[in-house]
Amino acid sequence: MSNFREYLGDGVYGTYDAAHGTVVLTTENGIHVTNTVVLEPIVLASLIDWLLKLRSIEGVDKLTKES
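Each value, and the rule that gives it
Residues numbered from 1 in each chain as written. Predicted model: local features only at pLDDT ≥ 70, side-chain atom pairs only at ≥ 80, totals over all residues. Heavy atoms only, no water. Helix = DSSP H or I, 4+ residues; strand = E, 2+ residues; numbered from the N terminus. Buried < 20%, exposed > 50% of the residue type's maximum accessible area, 1.4 Å probe, protein only. Areas by Shrake-Rupley, 256 points an atom, 1.4 Å probe, with all protein chains shown as cover. Patch = residues over 30% accessible without salt bridge, like charges linked within 9 Å, V, L, I, M, F, W, Y side chains within 5 Å. Salt bridge = Lys/Arg side-chain N within 4 Å of Asp/Glu carboxyl O.

When you go through the chain residue by residue, the secondary structure sums to 1 helix and 4 strands. In sequence order, the chain lays out its α and β elements as β-β-β-β-α. The buried share among the 67 residues of the chain stands at 13%. Counting every atom, the chain has about 5,300 Å² of accessible surface; 60% of that belongs to carbon and sulfur.

Here it is in structure tokens:
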């Protein structure tokens, strides 16, 4: 699979671009893409590390789908 796209909520979509090894986040208004952020692997790793730190500070329930 070269690209995997999923709706994340609040008008945000995530796409994995296997050809470039990047994660692309877009915001959409239902008609057009309004913003795009491309996360290179090192930036994505930093984001994941930061989220894990937040979970340990704030508690798991605030950063999971189950909450």
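A contiguous nonpolar surface patch, about 270 Å² in accessible area, is contributed by Leu47, Trp50 and Leu51. Along the polypeptide, Leu51 turns up in helix 1 (residues 41-58). The exposure class assigned to Leu51 is partly exposed, which follows from its relative accessible area of 34%.

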